[in-house]
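Coordinate analysis (summary)
The primary structure of each chain is shown beneath.
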Amino acid sequence: MTERLDRIEAILERTAQRAEANTVAIEANAAAIEADRVASAQLHSTVNSLVQIVEIHQLNHEATGRNFERIVTELREIRTEIRGLRTETQRILEHLFGRQENDE
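Below you will find a few notes about this structure. (Residues numbered from 1 in each chain as written. Predicted model: local features only at pLDDT ≥ 70, side-chain atom pairs only at ≥ 80, totals over all residues. Heavy atoms only, no water.)

1. Overview of the overall build of the chain
Put simply, the rule is: Strands are runs of DSSP state E lasting at least 2 residues, helices are runs of H or I lasting at least 4, and numbering of each runs from the N terminus. In this description the radius of gyration comes from C-alpha coordinates, and the expected globular size is given by 2.2 Å times residues to the power 0.38. For every residue, the accessible area (1.4 Å probe, protein chains only) is compared with the maximum for its type, and the residue is labelled buried under 20%, exposed over 50%, or partly exposed between those bounds. Shrake-Rupley sampling with a 1.4 Å probe provides the accessible areas, and residues are treated as covered by the protein chains on show and by no other component.
If you tally the helices and strands in the chain, you get one helix and zero strands. In terms of overall size, the chain is more extended than a compact globule, its C-alpha atoms giving a radius of gyration of 44 Å where 104 residues would be expected to give roughly 13 Å. In terms of overall dimensions, the chain has a C-alpha envelope of 150 × 20 × 10 Å along the principal axes. Counting the 104 residues in the chain, one finds 1% classified as buried. As presented, the chain carries roughly 9,700 Å² of accessible surface, and 58% of it is formed by carbon and sulfur atoms.

2. Some points on the environment of L85
Inspection of the secondary structure puts L85 in helix α1 (residues 2-103). Counting along the chain gives 83 residues from L85 to T2, while the straight-line C-alpha distance between them is 121 Å.

3. Details of a nonpolar patch on the surface
As a reminder, the rule being used: Each patch is built from residues that are more than 30% exposed by relative accessible area and take part in no salt bridge. Like charges join if they lie within 9 Å; nonpolar side chains (Val, Leu, Ile, Met, Phe, Trp, Tyr) join within 5 Å. Put simply, a salt bridge is a Lys or Arg side-chain nitrogen that is within 4 Å of an Asp or Glu carboxyl oxygen.
Together, M1, L5, I8 and L12 give the surface a local cluster of nonpolar side chains, amounting to about 450 Å² of exposed area. Within the secondary structure, I8 sits in helix α1. I8 sits in the partly exposed class, given a relative accessible area of 39%.

4. Overview of a positive patch on the surface
Here is the rule we go by: Positive charges come from Lys and Arg alone, negative charges from Asp and Glu alone, with His and the N- and C-terminal ends not counted. Throughout, a charge is located at the NZ atom of Lys, the CZ atom of Arg, the CG atom of Asp or the CD atom of Glu.
Where like charges cluster on the molecular surface, the positive patch consists of R76, R79, R83 and R86. One can find R83 in helix α1. For R83, a relative accessible area of 45% corresponds to the partly exposed category.

5. Notes on the pattern of salt bridges
This structure, assessed with the given rule, holds two salt bridges. Across the salt bridge formed by R37 and E34, the nearest N and O atoms sit 2.7 Å from each other. Here E34 and R37 lie together in helix α1, a separation of three residues that amounts to about one turn. Owing to a relative accessible area of 48%, R37 belongs among the partly exposed residues under this scheme. Here R91 makes a salt bridge to E88, at a shortest N to O gap of 3.6 Å.

In C-alpha cells:
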C-alpha cells in the first residue's frame with residue numbers, strides 16, 4: 001500500500017510541477033498576446049496616419065496639376081501676345097523705315 005501511495009504522490013508532484021509550468025507558460029503567452037495587441041494597435045494607428053498623409057499628398061498633387069495647367073494656359077496667352085507685339089513692332093519699324101527711305 002505504501003508503494004502505491006508513493007507512486008500516487010510522485011504522480012501528484014509531477015502533475016503539480018506541470019501545472020506550475022503551464023501557469024508560467026500561460027502568463028508568458030498572456031504577456032506576448034498583450035504585446036502583440038499593443039503592436040497591432042500601433043500598426044493600425046501608423047497605417048491610418050499614412051493613409052491621411054497619402055490623401056493630403058493626393059490633394060496637393062491635384063492642386064499642383066491644376067495650377068500647372070493654368071500656368072501653361074497663361075504662358076500660351078503671353079506667347080500669343082508677344083507674337084502680336086512682335087508683329088506690331090515689325091509693322092511700326094517697317095512703317096518708320098519705309099517712310100525714312102521714301103524721304104531720302
